[in-house]
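Analysis of the macromolecular model
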Amino acid sequence: MKRLIACLFLVFTLPAYAAFDVAQLMNDLAKHKGGKAKFVEKRTISLLDKPVISTGEMSYTAPDRLEKRTLTPKPELLTLDKDLLSIEREGQKLSINLSNQPEALAFIDSIRGTLTGNRAALEKNYGLYLSGNSDKWVLTLMPSEQKIAALVVRIIVTGSKSQIRSIEYLQADGDRSLMTIEAIETK
Amino acid sequence: MKQAAGRTFLLWLLAMLAGAAIVWNSRFSADMSFILPAHPTAEQQVLVDQFKEGVVSRLLMLAIDGADAKQRAELSRELRGQLEKMPDFVSVQNGEAASQTVDRDFLFKHRYLLSSKVTAERFTVAGLKSAIGDSVDLLASPAGMMIKPLIPQDPTGEFVTLLSSLNAGSQPNSREGVWASRDGERAMLLVQTKALGSDTDGQEQAIEAIRAHFKAAAQRAGLSGARLQLSGPGLFAVNSRATIKNEVARLSLISSVVIIAVLFSIYRSFKLLSLSLLPVVSGALAGVVAVSLVYGTVFGITVGFGSALIGEAVDYSIYYFVQSGRTGIDAWRERFWPTIRLGVLTSIFGFGALLFSGFPGLSQLGLYALSGVLTAALVTRFVLPQLSVSAPKMRDLAPLGKTLEKIIHVLPRWRWPVLLLALASATLLVSQRNHLWNPEMSALSPVSQADQVTDMALRSDIGAADSRYLAVINAPDREAALQAAEKAGAQLDRLVANGQIGGYDSPARFLPSLASQHARRASLPSADEVRSRLQAALLDSPLAADKLGPFLVAIDAARQAPNLLREDLNGTSLALAVDALFLPQAKGWSVLLPLRTGQEAIDADQVRTALAGSGAMFVDMKVEFDKLYNDYLQEAMLLSLAGLLAILTVLAINMRSPRRLLAVMTPLVLAVVIVVAGLHVVGERLHLLHLVGMLLIVAVGSNYALFFDRVEAHHSLDPETLASMLLATCTTAIGFGTLALSKVPVLHAVGVTVGPGAILALLLSAIFVSRETRS
C-alpha cells in the first residue's frame, strides 16, 4: 500500500517522468518535419444542446507553417504563417497578426510549440506535465498566466512517438473541444 | 535739364513707393500649390481637393526609435495621451486596445440599423434558419470562440458581418500592445491634424507640438536615446516652404552680391553702380506688383526667379553706361537702342508665351519676368539718361574690348568643331529621345530625396493606405450622397466578389442613409412574431429557441431605435472614418470610396464599367497626377514653340532678311542642342522647366546675337560694345547660374539650362558671325 501511494505520488507530482521525460518528447517532436493529417473536432458548448462536429485536413510544415482546412460543416481555411493567422471563410479573408494579441498567441503557441517540440515556447505560458511512455504519451499544459487561465483551464495533448493523436481544450466557461488527428502520410 | 531730372526721379520714386505698398499688402505663398492646375478637370479637382484638404493630406506618421520595446511603447502611450488632449489633433492612434472597444460597442449596439444583411427575408423562418445555422457553424470554427458569448443576443451574426468589414485591410504590426514597425524596432503612431493639408502654418504648429511633447516625454522618462521620426504630406509642405523661403533669400543674395562685385570691378564708381542697379530694382519690384495684381497670391518660386531676373535686367544699364560712354546719350539712342529694343521684344515674347500655361507656377514666372524685363528696359531708356547727366564718366573699356576683338578674330576657326559637336549632340538626343524626360510629377516637387525615403519607409511600416484609387460621388445633399454611396457600394460588391478589387471603404457602412435605416428597421418583425418563427426555424438546430430571449429584446429595441446620425458616432474612430470620406462641399456633399487592390492590379475600365449608372466617378490618383504632368509638358511644348515662333516673327519683320534671321538663329539653336545634350550627359532628367529653359535660351540669348547682326548690317562692332556684351552675358549667366544651385527643381532646371545657354549663345554668335562683314 505504501509503495502504491509512493508510486501514485511519483506519477502525479513529478513534472517529468524519469524514463520518458519532456526533454525526450520534445526531442522526438522536433524531428517531425511536417505532414498531413485528417482531423475530427468535436466542440461541446453549453449554449447548444448537442456538440458541433467539424472535419477536415490539416498539414504542418516545419518550422512555422500550419494549415487547417475544414471541409464540414462549412469550408474554411485557417493558415498560420509565423505570427500571421488568416481565416478564409465564405469568400472573406480575415488576417490577424498574432503579435497584436498575446492571449491568442499563447493559445496558438500551445499547438505550435507541441508540433515543433519547442519547449521554451511552451514553458513561457504553460506548466508541462507528462505521463505515459514514448508509444503512448499524454502531455498536459496548465496555463501559468492569469490572462490565459481565464480562457482555458488546461490543454491535453496525446500522442505516440512524434505523432500527435488528439488535442483537447478545456475552456474556463466549461465548454470543451476535442480534436482527434489521424495522419495521412508522414514524411 | 536738372529740373527735368528731379521731376523724373520724383515720378520714379512715387511709382516705386506705390509698388512697394502693393507688395507690402500682397499674399505670398511658399507652399506647393504652384503645381496644382489652374483649370482642373473633374478628375483633377478631386486631386486638388485631396491635396488641399483630403484626410490623407492631414495624416502624419510617427516612429519612435531607440530605447527598448517596452520603453518605446511607454513613450508611444504617453505621447498619445498628451496629443489626444490637444485641439490641434483630430485623432491620435497607436494601436492601444481600449480605443477598439468603443468602436465594437457602437457596432454591436446599432447592428440592426448598420448591417446590410438586415432584410425582411432574413427574419422569415427560412432566413432565420439559414442565418442562425451559419452562426452555429461558426461556433465549430476557432473564429467562433470570440462570438460565442454574443450568440444569444445576435444569433443571426449581424455583428460578425460588421466586424469583418471593419477589419478589412492590413493591420500594423504590434509590440507591447502598441503599433510597431515591420521589424518591431520602432513604435508607430498615426496622427490626423485638425489643420487642413493646405494650411501650412497649422501643419507646422502641429508638427512642432508633436516634437515638443515627444522631447518632454522622453526627458521625463530619462530616455535620451529615443528619437522621433515624422513624415507625411504636412511635413512635406512645411519643409518645402522652408526650403523655398530659404532659397529665395539665399539665391537673391548670392546673385546680387556676385553681380554687384562684377559691376563694381568694371565701373569702379559707387554712383555708377547704384545708377545701374536702378532698372534692376524697378524691374524686380514691378514683377512682384504685376503678379500680385493679376494672381492675388505670389508664389515663393516666382520671387526666387528674381535672382535670374537681376542678372537679365542689369544688362540694359550695362549697355547704356558702357556703350554711351564714348558716343553720348543721343547717339546711343539712335545707334544702339533699336537693337536693345528688339532684344527686349524677343525676351518679352519668350516670357510672354508662359503666360498661357495652365501650370500656375509657370504663368506667374512668365508674368514676373516679362514685367520685370520691360520695366527695367523702360527705366533704362527714359529714367536713367535723365539721372545720369551728372554721373562720372565711364571708365574706358576699350582695352578689354580690344582683347575681345582679338579673340573673336580667331573664333571662327571653331565653326567646324562646333558644328560637329552640335551634330553629335543632336544625334545623342535623337537616339536617347525616350530617356530624356522624367515622366513623374514628383520631378517638380521640392521634397528632398531623404524625406521621400523616410516617408516610404514609415508608410510601409504602418500600412497606411496610399489612397491611389477612389470612386467619387457628388450629390446635392447628405441623404442623396449616402444613398448614392450605398448604390455604388452594391455595384462594387460584385467586383469584390469576383476578386477584381480587394475591397473598398464607404462612409455609408457606419452612417447608412436614412432610407436604408428606415428599410432595415421596417424589415424587423415584432418580438412575438420572431419568437414563433424561431420555434419553426430551430426545430433541428442544436441551438434551442428558448436560449434566445436576449435576441427578442434586442429586436424589440431596434424597432424602437431612433435614426442613427453623425453625432452618434462621436467618440468612436468610426467618426473619423466617416468624416474622411463624407465631405461637405460648396454645393452639396461628396463621398469618397477608396478602393483597395486585391490579388491582381485594379483594371480602371472594369471599375468604370461596374460603376456605370451609379453617378460615381472613378479616379486613379497616380494616373491623374501623371496625366496632369503630361498635360503640363505637352502644353509647355506648344507654348515654347509658340514663343519661338513669335520671336522668329518679330525678328523677321524687323530684319526683312531671311539670311540675317538665319545668322541670328543658328547659334541660338545650336546652343540649345548642345546645352540639352550636355544636361543629358551629366545625368539630368529633363522636365517641364528644362523645356522652358530652352525657350529662354533663345529669348535671352537673342539679345547678344542681335549685336552681331549689327555687324551684318554694316555697323562696326566697336570694342566698347563687345565689352558691354561680355559683361551683360556674364551677369545673365550669373543670375541664371545661381538658380542652378537651388534645391527646388523648378528653379534649378531653369538655371542649369539658361545659365550655360546664355554664355554659349554669345560664344556661338561670335563664332558664326559672318566672315566678310567682320570689322
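Everything numeric here is computed off the predicted structure, so don't read it as measured data.

Basis of the calculations
- Residues numbered from 1 in each chain as written.
- Chains lettered and ligands numbered in written order.
- Predicted model: local features only at pLDDT ≥ 70, side-chain atom pairs only at ≥ 80, totals over all residues.
- Heavy atoms only, no water.
- Core = buried A, V, L, I, M, F, W, Y, C linked by side-chain atoms within 4.5 Å.
- Buried < 20%, exposed > 50% of the residue type's maximum accessible area, 1.4 Å probe, protein only.
- Helix = DSSP H or I, 4+ residues; strand = E, 2+ residues; numbered from the N terminus.
- Contact = heavy atoms within 4.5 Å.
- Polar contact = N/O pair within 3.5 Å; in protein donor to acceptor, adjacent residues only side chain to side chain.
- Buried area = accessible area lost by both parts, 1.4 Å probe.
- Salt bridge = Lys/Arg side-chain N within 4 Å of Asp/Glu carboxyl O.
- Axes fitted to C-alpha atoms, helices over the stretch in contact; angles between N-to-C directions.
- Parallel < 35°, antiparallel > 145°, perpendicular 65-115°, else oblique.
- Left-handed = near helix turned anticlockwise from the far one by under 90°.
- Nonpolar A, V, L, I, M, F, W, Y, C, P; charged D, E, K, R; others polar.
- pLDDT = per-residue confidence, 0-100.

Concerning the nonpolar core
All names here are of chain B. Within the largest apolar cluster, 149 residues are counted, with the highest numbers of intra-cluster contacts made by Phe305 and Leu689. In terms of residue count, the dominant contributor to this core is helix 28 (residues 688-712) (16 residues). Formed by 40 residues, the second largest nonpolar core is a distinct cluster that contains Phe108, Leu113, Leu574 and Trp589.

Let's talk about the environment of Tyr504(B)
Residues and elements named next belong to chain B. Looking at the element boundaries, Tyr504 is found in strand 10 (residues 503-504). Those residues in contact with Tyr504 that sit more than four places away from it in its chain are Gly489, Ala490, Leu492, Asp493, Val496, Arg509, Pro594, Leu595 and Arg596. A polar contact of 3.0 Å, which involves the side chain of Tyr504, links it to the side chain of Asp493.

As for the interface of chain A and chain B
You'll often see interface size given as the accessible area lost when the parts meet. On the chain B side, the residues contacting the 27 residues of chain A number 24 residues. Summing both partners gives a buried area of about 2,300 Å² for chain A against chain B, and 55% of it is carried by carbon and sulfur. If you look at where chain A meets chain B, you find five salt bridges. Secondary-structure elements contributing two or more residues to the side of chain A that touches chain B are strand 1 (34-44), strand 2 (52-61), strand 4 (76-81), strand 5 (84-89) and strand 6 (92-97) of chain A. Among the elements that make up the side of chain A that touches chain B, the one with the highest residue count is strand 6 of chain A (three residues).

Quick look at the pattern of salt bridges
Within the structure shown, the criterion is met by 35 salt bridges over all chains. Ionic pairing is found between Lys148(B) and Asp173(A), a salt bridge with its closest N-O pair at 2.8 Å. With Lys148(B) in the loop between helix 7 (144-147) and helix 8 (158-166) and Asp173(A) in the loop between strand 10 (163-171) and strand 11 (176-186), this pair bridges two chains. The exposure class assigned to Lys148(B) is buried, which follows from its relative accessible area of 11%. A salt bridge links Asp65(B) to Arg227(B); the nearest nitrogen and oxygen atoms lie 3.1 Å apart. Taken together, the residues span a long stretch of sequence, with Asp65(B) in strand 2 (residues 59-65) and Arg227(B) in strand 7 (residues 227-231) at a distance of 162 residues. Through salt bridges with shared partners, a single network forms among Arg65(A), Glu67(A), Arg69(A) and Asp81(A).

Details of the packing of helix 13 (residues 306-327) of chain B against helix 16 (residues 360-387) of chain B
Residues and elements named next belong to chain B. One way to put it is that helix 13 packs onto helix 16 with a least axis distance of 10 Å and a crossing angle of 25°. Here helix 16 runs roughly parallel to helix 13, going by the angle between their axes. Between helix 13 and helix 16 the crossing geometry is right-handed. Contacts between helix 13 and helix 16 involve Gly306, Leu309, Glu312, Ala313, Tyr316, Ser317, Tyr320 and Phe321 from the first element and Tyr368, Ala369, Gly372, Val373, Ala376, Ala377, Thr380, Leu384 and Pro385 from the second. Residues that form the contact of helix 13 with helix 16 fall into these classes: 12 nonpolar, four polar and one charged.

Notes on the packing of helix 11 (residues 270-295) of chain B against helix 13 of chain B
Residue and element names in this part refer to chain B. Running from amino to carboxyl end, helix 11 crosses helix 13 at an angle of 135°, the nearest separation of the two axes being 8 Å. Comparing their axes, helix 13 and helix 11 come out oblique. Taken as a pair, helix 11 and helix 13 cross one another with a handedness that is right-handed. Across the interface between the two elements, Leu272, Leu275, Ser276, Leu277, Pro279, Val280, Gly283 and Ala284 from helix 11 touch Leu309, Ile310, Ala313, Val314, Ser317 and Phe321 from helix 13.

Here's the deal with the confidence of the model for chain B
All names here are of chain B. Mean pLDDT for chain B: 87, with 96% of residues reaching 70 or above. At the low end of the mean pLDDT range in chain B sits helix 7, at 75; at the high end sits helix 21 (residues 514-522), at 94. Overall fold confidence for the complex sits at a pTM of 0.75, while the interface term, ipTM, reaches 0.75.

Observations regarding unusual backbone geometry
Pro73(A) follows Thr72(A) through a cis peptide bond whose omega is -5°. Phi at Ala67(B) takes a positive value of approximately 55°, unusual for a residue other than glycine. Structurally, Ala67(B) can be placed in the loop between strand 2 and helix 3 (69-84). Among the residues examined, Ala67(B) registers a relative accessible area of 35% and is labelled partly exposed.

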